[in-house]
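Below, each chain spelled out in residue letters.
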Amino acid sequence: MNTPSERIHLINRFAKGWAVFKKNLLGRIGLTLMVIFALMALASFITPFFGPMYDPMTGVDPEISHATGPSWRHWLGTDFIGRDIFTQILEGAKIAFMVGLSAAFISIVLGTIVGMLSGYMGGVVDTLLMRLADMIMVMPSLLILLLLSALFGQLNIWLIVILIALLRWPGVSRIIRSQTLTLKERPFIEAAKVAGASHLRIIFRHIMPNVLPLSFLYMTFRVTSAILVEAALAFLGFGDPSQVSWGMMLQWVWKTGHMFQAPYWLLPPGICISLLTLSFYMLGRAMDEVLDPRLRKEEHAD
């Protein structure tokens, strides 16, 4: 349990960070975009209640059997079998958040734990963990996923999440290791050792709170890469066919020959992928300024 003074310190630290974040234009734009897409993802749970016709995967307008443009009944039009594109866009927002946040969270947890253990323990443990990280880091993630898809068929969405996470933790682990190497030489770590604290307590009680802000910063960039990888897999035909994602929508547009004939179907998923990934990138840039006072000094100097 944190002491009252520690809790007050954390609250003050958060308040100062939020004050800096609010002044950052990129951060405000990124947060606004992310909130909009989060509301779209939440709205995807509501659309089936409007009738079976608006189910993103199985809902078909009985009066339509081909791709049609926007109308009052279908705000963004319908696809090649009469499914509502707007509800598919909402469902795609849910899948994008699920894939991006889940894969990023798993990769950050793995990278943070490995980085802390490697930096704190040193020696053989450090060498083995970093060589493992180096081997995985040089593997092209998308190519590995494409090869696995070619071998085992179209991958389940959760399997895609796990594979992305397992291939994307090494970069984070190296950053956290560097931070841990600096932290373990600090006086408060020496004091904890003198007081008889175990290695695990020092790592998770004293080092981890100091590296978590950096981990969350890199999580925003990992969300972006996970969304792009899933979209690329789906577009190339290796995604989960049971899930409606933005990448899968683009694959349907291309496969049915509507790439240049139906811009109302082509543009929305592409724009959504671009804007959502851009929002997390902007959040990451803003958080970078919050965590690194030198960037704020450079901005004021300019």
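The model shown is predicted, which means the values in this text are computed figures rather than measured ones.

Looking at the protein as a whole, the pLDDT averages 89, with 94% of positions reaching at least 70. Per-element averaging of pLDDT across the protein places helix α12 (residues 293-301) at the bottom with 54 and helix α3 (residues 85-121) at the top with 96.

The next thing to look at is a nonpolar patch on the surface. Taken together, the side chains of F105, I106, V109, I113, I162, L166, L200 and F204 define a hydrophobic patch exposed on the protein surface, amounting to about 670 Å² of accessible area. Counting only elements with at least two residues in the nonpolar patch, the list comes to α3, α6 (157-168) and α9 (199-235). A total of 4 residues in the nonpolar patch trace back to one element, the largest contributor, which is α3. When its relative accessible area of 41% is taken as the criterion, L166 is described as partly exposed.

Bringing the pattern of salt bridges into the picture now. Taken as a whole, this structure holds 7 salt bridges when the rule is applied. Note that R73 is salt-bridged to D61, the shortest N-O span being 3.4 Å. Residue R73 is found in the loop between α2 (25-43) and α3, and its partner D61 is found in the loop between α2 and α3; the two are separated by 12 residues along the sequence. Where D134 meets R174, a salt bridge forms, and the shortest distance between an N and an O atom there is 2.8 Å. Of this pair, D134 sits in helix α4 (residues 123-137) while R174 is found in helix α7 (residues 170-183), placing the two residues 40 residues apart along the sequence. Judged by relative accessible area, which is 24%, D134 ranks as partly exposed. Given a relative accessible area of 26%, R174 falls into the partly exposed group. Overlapping salt bridges bring together D61, E63 and R73 as one network.

Relative to the 20 Å expected for 14 residues at 1.5 Å per residue, α7 spans 20 Å between its end C-alpha atoms, a close match to the ideal helical length. Every buried residue belonging to α7 is among P170, V172, S173, I176, R177, T180 and L183, and all of these are buried. The arc that holds every buried residue of α7, seen down its axis, measures 140°, which confines them to one face. Those residues of α7 that are buried lie in contact with α3, α4, α6, α8 (187-194) and α9.

Taken N-terminus to C-terminus, the directions of α2 and α3 make an angle of 110°; their axes are 7 Å apart at the nearest point. Considering the angle they form, α2 stands roughly perpendicular to α3. Remark: the crossing between α2 and α3 carries left-handed chirality. Of α3, the residues touching α2 (which contributes M34, F37, A38, M40, A41 and A43) are I89, L90, A93, K94 and F97.

This part is about the nonpolar core. Side chains that are nonpolar tend, in soluble globular proteins, to be buried together. Counting 46 residues, the largest nonpolar core has I207, W246, M249, W265 and L276 as its most contacted members. Counting only elements with at least two residues in this core, the list comes to α2, α3, α7, α8, α9, α10 (246-255) and α11 (263-291). If one sorts the elements of this core by residue count, α3 sits on top with 10 residues. With residues near it in sequence (within four places) discarded, W265 still touches A67, D79, F80, I85, M249, W252, V253, T256 and H258. Core analysis: the next-biggest nonpolar cluster, separate from the first, contains 20 residues, A133, V161, L167 and V229 among them.

Let us look at the environment of I89. For I89, the location among the structural elements is in helix α3. Overall, I89 belongs to the buried group, its relative accessible area being 3%. Along the backbone, I89 and A41 are 48 residues apart, and their C-alpha atoms lie at a distance of 8.9 Å. Once residues within four sequence positions are removed from consideration, I89 is found in contact with M40, L76, W246, M249, P268, P269 and C272.

Rules used in this analysis
Sequence positions are assigned chain by chain, starting from 1 and proceeding in written order. The predicted nature of this model means local features are confined to residues of pLDDT at least 70 and side-chain atom pairs, given and counted, to a pLDDT of 80 or more, with totals for whole chains, interfaces and linings taken over all residues. Side-chain numbers come from the whole structure's heavy atoms, not from hydrogens or water. Residue-level confidence of the predictor is summarised by pLDDT, bounded by 0 at the bottom and 100 at the top. Counting from the N terminus, the helices are DSSP H or I runs at least four residues long and the strands are E runs at least two residues long. Nonpolar side chains (Val, Leu, Ile, Met, Phe, Trp, Tyr) are joined into patches within 5 Å and like charges within 9 Å, using only residues with over 30% relative accessible area and no salt bridge. Each accessible area is a Shrake-Rupley result for a 1.4 Å probe, and residues are judged covered by the shown protein chains and nothing else. One side-chain nitrogen of Lys or Arg within 4 Å of one carboxyl oxygen of Asp or Glu is enough to make a salt bridge. Categorising residues by exposure relies on relative accessible area from a 1.4 Å probe, with only protein chains included: less than 20% of the type maximum marks a residue as buried, more than 50% marks it as exposed, and the intermediate range marks it as partly exposed. Expected helix span is given by 1.5 Å per residue-to-residue step, counting one fewer step than there are residues. The arc refers to the directions leading from the helix axis to the C-beta atoms. Every residue pair with non-hydrogen atoms within 4.5 Å of one another is taken to be in contact. Fitted lines through C-alpha atoms give the axes, limited to the stretch in contact for helices. The angle between two N-to-C directions lies from 0 to 180 degrees. Any angle between 65 and 115 degrees counts as roughly perpendicular, while under 35 counts as roughly parallel, over 145 as roughly antiparallel, and the rest as oblique. Each crossing is labelled by how the near helix is turned from the far one, with a counterclockwise turn of less than a right angle marking it left-handed and a clockwise turn marking it right-handed. We define the nonpolar core as a collection of buried residues of types Ala, Val, Leu, Ile, Met, Phe, Trp, Tyr and Cys that are connected through side-chain atoms lying within 4.5 Å of one another.

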